[in-house]
Amino acid sequence: LGVDLRLFGSATRLPLPRASVDAIVCLYSLHHMVGETIGATEAIVQQAFREFRRVLTPTGCLLVFEVSPWWVVWGLQRCVWPLAKRALGPSLDVFFWHRDTLCRLAGPAWRLHEYRVLMAPAGVTFPFVASVRRLRLPRALYPFDVCLYQWTPDQ
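Residues numbered from 1 in each chain as written. Predicted model: local features only at pLDDT ≥ 70, side-chain atom pairs only at ≥ 80, totals over all residues. Heavy atoms only, no water.

**Student:** Explain the overall build of the chain here, please?
**Tutor:** When you go through the chain residue by residue, the secondary structure sums to 3 helices and 6 strands. In the chain, the succession of helices and strands from N to C terminus is β-α-β-α-α-β-β-β-β. Oriented by its inertia axes, the alpha-carbon framework of the chain measures out at about 40 × 35 × 30 Å. Across the 155 residues that make up the chain, the buried fraction comes to 35%. (Helix = DSSP H or I, 4+ residues; strand = E, 2+ residues; numbered from the N terminus. Buried < 20%, exposed > 50% of the residue type's maximum accessible area, 1.4 Å probe, protein only.)

**Student:** What am I meant to see in the pairing of strand β6 (residues 144-153) here?
**Tutor:** The two faces of a sheet get side chains in turn, since along a regular strand they alternate between them. The buried fraction of β6 amounts to 9 of the 10 residues, a majority that puts the element mostly inside the structure. Note that strand β2 (residues 56-69) and β6 share 8 bridges and pair antiparallel. If you follow V64 over to β6, its bridge partner there is Y149. Relative to β6, strand β3 (residues 110-118) runs antiparallel, the two sharing 8 bridges. Within β6, the residue paired with L118 across the bridge is V146. (Pairing = 2+ DSSP bridges.)

**Student:** How should I be thinking about the packing of helix α1 (residues 38-55) against helix α2 (residues 71-88) in this particular structure?
**Tutor:** Helix-helix packing is characterised by the crossing angle of the two axes and by the distance between the axes. Running from N to C, α1 and α2 point in directions that differ by 105°, and their axes come no closer than 10 Å. When the axes of α1 and α2 are compared, the pair comes out roughly perpendicular. Touching I38, T41 and E42 of α1 are R78, W81 and P82, all from α2. Among the residues forming the contact of α1 with α2, the class breakdown is 3 nonpolar, 1 polar and 2 charged. (Axes fitted to C-alpha atoms, helices over the stretch in contact; angles between N-to-C directions. Parallel < 35°, antiparallel > 145°, perpendicular 65-115°, else oblique. Contact = heavy atoms within 4.5 Å. Nonpolar A, V, L, I, M, F, W, Y, C, P; charged D, E, K, R; others polar.)

**Student:** How should the confidence of the model for the chain be read in this particular structure?
**Tutor:** Scored by pLDDT, the chain comes out at a mean of 91, with 95% of its residues at no less than 70. For the chain, the element scoring lowest by mean pLDDT is strand β4 (residues 125-127), at 74; α1 scores highest, at 97. (pLDDT = per-residue confidence, 0-100.)

**Student:** Is there a simple way to explain α1 in this structure?
**Tutor:** Every α-helix winds through 3.6 residues per turn, so residues three or four apart in the chain are directed the same way. Helix length check: α1, at 18 residues, gives a terminal C-alpha distance of 26 Å against a target of 26 Å (1.5 Å per residue), a fit within 8%. The set of residues buried in α1 consists of I38, T41, E42, V45, A48, F49, E51, F52 and V55. Buried residues along α1 sit in contact with β1 (21-27), β2, α2, α3 (99-106), β3 and β6. (Expected span 1.5 Å × (residues − 1).)

Here's what the structure looks like:
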């Protein structure tokens, strides 16, 4: 049985009926939901969580894979990002979320059912910029954790 279903929308406004989806997988995309300011960026992510909640069934599941900066990088990003955004404009299209802040943005409509940091040995190297595959970095020097969040709607 083949299914050819094409939907065009945004995470903040999904073209789906209320309570019509059993699962949502958000794969490395929340950090690309960026506004002009940190406050606007937070509002966009909050709206995405509200929209995910709207379309999920009461027994549904939201899986989010994201990279989460270490505390030092998180603090540095919050200080430097506004200046960088003003200088670079739309070309700065990422803002990384620390676990505590992402959980706060999800809000009371969600219960964090599971949280995992996916670990790799410190000596493993990988391309940390997808478009520059030859540029490799040892895991020990990559200041982010790869995280899996599993949220369920809070009843």
